[in-house]
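Notes for the structure review
Residue-level listing of the chains:
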Amino acid sequence: MTSITSKIKDAAPRHRDLLTILSDTDYALPALEQQRRFIDDLSNELSTIRRRIAMLDRQRLKEFKEHKKYRDSVMKRFAYRISGKTDKFQAKAEKEEREYFAVLQQERQAKEQEENIRDMRSKALEVQYDLEAEVTRHAEAQEQLDNLYDSIFQGPTPAFPEEDHSEQNAERALQAYHNSRVLVEVESQVIRLLTEANERLRNALIYTDEALSHSRMDMFGGGTFSDFMERNALDKAESQVGQMISLVRQAQRISQHVQDLPPVGIAHGSLMGDVFFDNIFTDMAFHEKIKASWSDLQRVQGALQDQMAPAKSRYQEAEQNMNTHAAALKSAREELQRARVRIFERITNCNQGEQKIPIEEPPPY
């Protein structure tokens, strides 16, 4: 049976190499985050300067037309000459020429600036690719180090109680993080379901408004076509209400905080009744039923929106709690790694790591 001390001694060279890689690449992740922000800034500058170039290009074409009009117009030059205003013509021509060349220069400078920013962004992307490679190298080294530790320290290690203590803390922190993550996913799904339910409810209100419009036409002699369009809109509204109710029930199944909504019903009519008993009184009575349905939908919409704010608040609270547990997990894992590094150093440097374990070292005679 191979002792932990022997495993540590055998793994020491690889352990040392992995720690060196981690030390050499610790800078990569924060540097990558900063580089990405820098590239985003350059991309925004590039978009701004390209819009400016497009604007200057339009202005240049406009100024060129004015400049060309004075430069090439024989008739305009002749008109100024016979009126004795040759100097005025010359001044106007020179002004148009100056304005044209001023815009031309601004456009040239803007294009040079664009080229410079594009070159900077290209070089920044190359740096980003290099940093991404270093971040990947760091992550792979960390994964290999974790696997190395697991192969040696997994489970109780009585000879190293400080490692057991740190490992238990890390396991508790991991469980707490997982629990908080589940809660975040639940509250996120509740918000998604309630948002979709609210969208279905909004559609139902739109269709009910359409039904009210067709119903008004029907009261003033709209005939069978208005009846058909009215019923069609109500059928669509009822379908949307059914989907809304289904979505709310899904949310209730995953969270006890989601409450029941007020009852809602969509008015129903009969096309046969419209054919045989259609008159102003039946039309008015059904119109009132549709208005009652619209009021029910408004009441349900208010109740549904009242649940959205608490749901978002629960999500934010759960997310903050998860972030707290994530930080605690990170700290616990770092402490566990430091404990294991100390054990490696103690054994490889002093050869004293497992003196308390009698399984490999016979008693002195």
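Residues numbered from 1 in each chain as written. Predicted model: local features only at pLDDT ≥ 70, side-chain atom pairs only at ≥ 80, totals over all residues. Heavy atoms only, no water.

Details of the overall build of the protein chain
- Broken down by element type, the protein chain carries eight helices and zero strands.
- Beginning at the N terminus, the succession of helices and strands in the protein chain can be written as α-α-α-α-α-α-α-α.
- Counting every position in the protein chain, which comprises 365 residues, the buried fraction comes to 34%.
- Residue pairs in contact within the protein chain that sit at least 24 positions apart in sequence constitute 84% of those at least 6 positions apart.
- When the accessible surface of the protein chain is totalled, it reaches about 22,700 Å², and 53% of it is carbon and sulfur. (Helix = DSSP H or I, 4+ residues; strand = E, 2+ residues; numbered from the N terminus. Buried < 20%, exposed > 50% of the residue type's maximum accessible area, 1.4 Å probe, protein only. Contact = heavy atoms within 4.5 Å. Areas by Shrake-Rupley, 256 points an atom, 1.4 Å probe, with all protein chains shown as cover.)

Points about the nonpolar core
- Residues Leu-194, Met-244, Val-248, Leu-297 and Leu-304 are the most contacted members of the largest nonpolar core, which totals 28 residues.
- Listed by contribution, the elements that provide at least two residues to this core are α5 (161-219), α6 (223-254) and α8 (280-350).
- Here this core gets ten residues from one element, more than from any other, and that element is α5.
- With near-sequence residues (within four places) excluded, Leu-297 lies in contact with Leu-201, Ala-204, Leu-205, Thr-208, Val-241, Val-264 and Ile-266.
- With 18 residues, the next largest nonpolar core counts Ile-8, Ala-11, Ile-21 and Val-341 among its residues. (Core = buried A, V, L, I, M, F, W, Y, C linked by side-chain atoms within 4.5 Å.)

Quick look at the confidence of the model for the protein chain
- Across the protein chain, the average pLDDT comes to 79, with 76% of residues at 70 or higher.
- When mean pLDDT is compared element by element in the protein chain, helix α1 (residues 4-25) scores highest at 86, while helix α7 (residues 271-276) scores lowest at 44.
- Overall, residues 270-277 carries pLDDT values under 50, and its contacts beyond four positions in sequence, including any with other chains, amount to eight contacts.
- In this model residues 352-365 is a low-confidence stretch, pLDDT under 50, and it forms 18 contacts with partners more than four residues away in sequence or in other chains. (pLDDT = per-residue confidence, 0-100.)

Focus: a negative patch on the surface
- Together, Glu-140, Glu-143, Asp-146 and Asp-150 give the surface a local cluster of negative charge.
- Structurally, the position occupied by Glu-140 is in helix α4 (residues 86-153).
- Exposure remark for Glu-140: the relative accessible area of 42% places this residue in the partly exposed category. (Patch = residues over 30% accessible without salt bridge, like charges linked within 9 Å, V, L, I, M, F, W, Y side chains within 5 Å. Salt bridge = Lys/Arg side-chain N within 4 Å of Asp/Glu carboxyl O. Lys, Arg positive; Asp, Glu negative; His and termini not counted. Charge placed at Lys NZ, Arg CZ, Asp CG, Glu CD.)

A word on the packing of aromatic side chains
- The tally for this structure, following the rule as stated, stands at four aromatic pairs.
- Geometrically, the ring pair formed by Phe-153 and Phe-344 is edge-to-face, given 6.3 Å between the ring centres and 65° between the ring planes. Highlighted residues: Phe-153 in helix α4 and Phe-344 in helix α8, separated in sequence by 191 residues.
- Among the aromatic residues, those joined into a ring-pair cluster are Tyr-149, Phe-153, Phe-160 and Phe-344. (Phe/Tyr/Trp six-rings, centres within 6.5 Å; stacked < 30°, edge-to-face > 60°.)

Some points on the layout of surface pockets
- Volume-wise, the largest pocket comes out at about 970 Å³.
- Contributions of two or more residues to the lining of the largest pocket are made by α1, α2 (28-72), α4, α5 and α8.
- Residue contributions to the lining of the largest pocket peak at eight residues, all from α8.
- The residue makeup of the lining of the largest pocket, split by class, is twelve nonpolar, six polar and ten charged. (1 Å grid on protein atoms, 1.4 Å probe; cavity = no way out; pocket = protein on both sides within 12 Å on 5 of 7 lines; lining within 4 Å. Points joined across faces, edges and corners; volume = space filled by probe spheres on them. Nonpolar A, V, L, I, M, F, W, Y, C, P; charged D, E, K, R; others polar.)

Here we look at the pattern of salt bridges
- Inspection of every chain in the model, using the stated rule, returns 19 salt bridges.
- Residues Glu-112 and Arg-108 are paired through a salt bridge, measuring 2.8 Å at the closest nitrogen-oxygen approach. One end of the pair is Glu-112 and the other is Arg-108, both in helix α4 and four residues apart, which spans about a single turn.
- Counted as one network, the salt bridges with shared partners bring together Arg-50, Glu-114, Glu-115 and Arg-118.

Observations concerning the environment of Glu-107
- As for its placement among the helices and strands, Glu-107 is situated in helix α4.
- Remark: the alpha-carbon pair of Glu-107 and Arg-52, spanning 55 residues in sequence, is separated by 8.4 Å.
- In this view, Glu-107 contacts Ile-53, Leu-56, Asp-57 and Arg-60; residues no more than four positions away in its chain are not counted.

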